[in-house]
Amino acid sequence: MDWLYMYMPIAGVTIFWPGLVLIGFSVGVIGGFFGMGGAWMVTPGLNILGFPMAFAIGTDMAHIAGKSMISTMRHAKFGNVDYKLGFIMVIGTFIGIEVGAQLVMYLERLGRVEAVVRYVYVLFLALIAFMVFYDYAKAVQKKKAGAVEGERGTEGITWYKTFHKLNIPPMVHFKTAGFTCSAWLPAGVSFLTGILAGFLGIGGGLFRMPALVYLIGCPTHIAVGTDLFEVMISGLYGAFTFSLKGRIELVAVFVMLTGAAIGAQIGTVATKYAKGYGIRIAFGIAVICCMISIILKQFGYSNSSAALILTTIGIMCVYISAIMFKGAAAEIREKKAANQAGHPLS
Amino acid sequence: MRRLLKRVLCLIAGIGLCLPRLVWAGGEAATNLVVVADTRRVTGVLKYIADTYNTDPWLFAVWAVVITAVWGAILGFSMDFIMARSGLDLKSRKILEH
């Protein structure tokens, strides 16, 4: 069974390569559906396969860039990527990441930086989880009361409506996302999420996706596509910096990307058949699992933490794949029926 | 639903109470590593990559970005070609939140 193992010349380890394909596939599915890189899932997976932690993070970053590129291409075809919004946010994100990194260095000089980082990470994850479920509960309540708002249907939290009233020039119309607001709003929000990303040393998709929905007012599907566009650019930048530091295993990146190419199609196409709130709720559950895994790890339960992450990945993959295959089968059936009736669907 | 919301809030509050312990659970800083790629067991392109890693970090970083982007694009276009033959409409979708 030697053929199942591959030598990684830079990390100096022999790895079970189907495991890499599986990680790539799973994160492709989940990332394409939620619009995030998924570093919190890949890094422990690589570590379990035998990668030293120093290489796991850099390798993960390059893989995320390639995987997001594949997902972005698919989302762009659906019209889920608002490039104008993406470019404005990229600028804010990069400046924010630099500020966040400086903040970490300042805390390093004071000592106990890691503890503060973990505290902030868990706190913000809890906040996001609360926001997602509170929003859902509010939307359900409104729907029961018979309130239907706009063309998007019933929405719970609509803070973005208040932010859209900010009249600070330049006012920009985002055609794909379908709203007009001050350019300072996405720039400011991405700057803040960038600070968090730089401070925590993560890509930031976990924060940006909900920020795009709740603060900027993107429909969920467009938030997913636009965030992936951003993850792609920041991932390529991350791949460059980690490569300079020598913390990347290119061979593993290739192998993982092969699996991610298939997974990303499933995750991305599944968004077509999912309602916005379906994506938000699943995202909220993923955030809770991520938060619990961090807490478990800090209390010394590393194995339980890894097991929780792997279980979450497995369940999410099955759930998203089921949405995709059920939706696709229904669409094909519908097309066949229309063809037989002599009214082919375009 | 309210009961569920209350439970979620309790869970989050509980986690908040546990946080001070997390603060003091900070680990030690990672030590600096000097890694040299083993070029004895690889040939061809892999040997070139490993050699570049050892000798020219800047060129290696540029290659890492270029190869990742190119490989991502190749896979993206290939999958696009395959998916286009699945019979699904991959160019439009309805946006419905609830």
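Residues numbered from 1 in each chain as written. Chains lettered and ligands numbered in written order. Predicted model: local features only at pLDDT ≥ 70, side-chain atom pairs only at ≥ 80, totals over all residues.

So, the overall build of chain B
Using the following cut-off: Numbering of helices and strands starts at the N terminus; helices are DSSP runs of H or I of at least 4 residues and strands are runs of E of at least 2. Comment: burial labels come from other C-beta atoms within 10 Å of the residue's own C-beta, placed from the backbone, where a count of 20 or more is buried, 12 or fewer is exposed, and between is partly exposed.
Helices and strands together make up the secondary structure of chain B, namely 3 helices and 0 strands. From first element to last, N terminus to C terminus, chain B shows the α and β order α-α-α. For chain B, with 98 residues in total, the buried portion stands at 14%.

Describing the environment of A:Gly198
Residue and element names in this part refer to chain A. Test applied: Remark: residues whose backbone-derived C-beta atoms lie within 7 Å of one another are considered to be in contact.
The residue Gly198 is located in helix H7 (residues 184-200) in this model. Through-space distance from the C-alpha of Gly198 to that of Val99 is 7.2 Å; in sequence the pair is 99 residues apart. Other than its neighbours up to four places away in sequence, Gly198 contacts Gly96, Ile97, Glu98, Val99, Gly100 and Ala101.

Re the interface of chain B and chain A
The test is simple: Only Asp, Glu, Lys and Arg are considered charged, only Ala, Val, Leu, Ile, Met, Phe, Trp, Tyr, Cys and Pro nonpolar, and every remaining residue, Gly among them, polar.
The interface of chain B with chain A comprises 52 residues on the first partner and 62 residues on the second. Residue assignment for the side of chain B that touches chain A shows that the elements contributing at least two residues are helix H1 (2-23), helix H2 (44-55) and helix H3 (57-83) of chain B. Per element, the largest residue contribution to the side of chain B that touches chain A is 17 residues, and it comes from H3(B). Broken down by class, the residue content of the side of chain B that touches chain A amounts to 36 nonpolar, 9 polar and 7 charged.

Focus on the pairing of strand S3 (residues 171-174) of chain A
Residues and elements named next belong to chain A. Where we set the bar: The rule for pairing is simple: two strands pair if DSSP sees at least two bridges between them.
For S3 and strand S4 (residues 179-182), the ladder comprises 4 bridges, and the chain directions are antiparallel. Paired with Val172 across the bridge in S4 is Cys181. Linkage of S3 to S4, two consecutive antiparallel strands, is achieved through a turn of 4 residues, within which Gly178 is found at a positive phi near 80°.

A closer look at the packing of helix H3 (residues 53-78) of chain A against H3(B)
What counts, and what does not: For helices, the fitted axis covers only the stretch in contact; all axes are lines through C-alpha atoms, and the angles between them, taken along N-to-C directions, range from 0 to 180 degrees. Helix crossings fall into two classes, left-handed where the near helix is turned counterclockwise from the far one by less than a right angle and right-handed where it is turned clockwise.
Closest axis-to-axis distance for the H3(A)/H3(B) pair is 8 Å, and the angle between their directions is 30°. Seen along the crossing, H3(A) lies across H3(B) with a hand that is right-handed. Where H3(A) approaches H3(B), its residues A:Ala62, A:Ala65, A:Gly66, A:Met69, A:Ile70 and A:Met73 are matched on the opposing element by B:Ala64, B:Thr68, B:Ala69, B:Trp71, B:Gly72, B:Ala73, B:Leu75, B:Gly76, B:Met79 and B:Asp80. Across the contact of H3(A) with H3(B), the residue classes break down as 11 nonpolar, 4 polar and 1 charged.

Section: the nonpolar core
Residue and element names in this part refer to chain A. Put simply, the rule is: Here, a nonpolar core denotes buried Ala, Val, Leu, Ile, Met, Phe, Trp, Tyr and Cys residues that are linked to one another through C-beta atoms within 7 Å.
In this structure, Ile30, Phe34, Leu125, Ala129, Val287, Met291 and Ile320 are the most contacted members of the largest nonpolar core, which totals 119 residues. Sorting elements by how many residues they give to this core places helix H10 (residues 250-273) first, with 13 residues. If sequence neighbours within four positions are ignored, Ile30 has contacts with Gly38, Met41, Gly267, Ile313, Met316, Cys317 and Ile320.

What to know about the confidence of the model for chain B
Parts of the prediction with low pLDDT should not have their coordinates interpreted in detail. All names here are of chain B. In plain terms, the rule: Confidence of the predictor in every single residue is expressed as pLDDT, which spans 0 to 100.
For chain B, mean pLDDT is 75; residues scoring 70 or higher make up 61% of the total. Put simply, H1 is where chain B has its lowest mean pLDDT, 52, and H3 is where it has its highest, 92. When the criterion is pLDDT under 50, residues 19-31 qualifies, and its contacts beyond four places in sequence or with other chains add up to 16 contacts.

Considerations on helix H5 (residues 113-144) of chain A
Our working definition: One less than the residue count of a helix, multiplied by 1.5 Å, gives the span that helix is expected to have.
Over its 32 residues, H5(A) runs 47 Å from end to end, which matches the ideal 46 Å to within 8%, given 1.5 Å per residue. In the segment just after H5(A), A:Gly146 is the residue with positive phi, at about 90°.

Some words on helix H2 (residues 39-49) of chain A
Structurally, the α-helix is built with 3.6 residues per turn, so residues lying three or four positions apart point the same way. Turning to H2(A), its buried residues number three or more, namely A:Ala39, A:Trp40, A:Met41, A:Val42, A:Pro44, A:Gly45 and A:Leu46. If you follow the buried residues of H2(A), they end up packed against helix H1 (17-34), H3, helix H11 (276-298) and helix H12 (302-340) of chain A.

Describing the packing of helix H4 (residues 83-110) of chain A against H7(A)
Residues and elements named next belong to chain A. In the contact formed by H4 and H7, the axes pass within 6 Å of each other and the chain directions differ by 40°. You can see that H4 and H7 cross each other, and the crossing is right-handed. Residue composition of the contact of H4 with H7, grouped by class: 19 nonpolar, 9 polar and 1 charged.

Quick word on the environment of A:Gly194
Residues and elements named next belong to chain A. Structurally, Gly194 can be placed in helix H7. Between the C-alpha atoms of Gly194 and Arg208, which are 14 residues apart in sequence, the distance is 8.4 Å. Aside from chain neighbours lying at most four places away, what touches Gly194 is Gly92, Thr93, Phe94, Ile95, Gly96, Ile97, Gly100 and Gly204.

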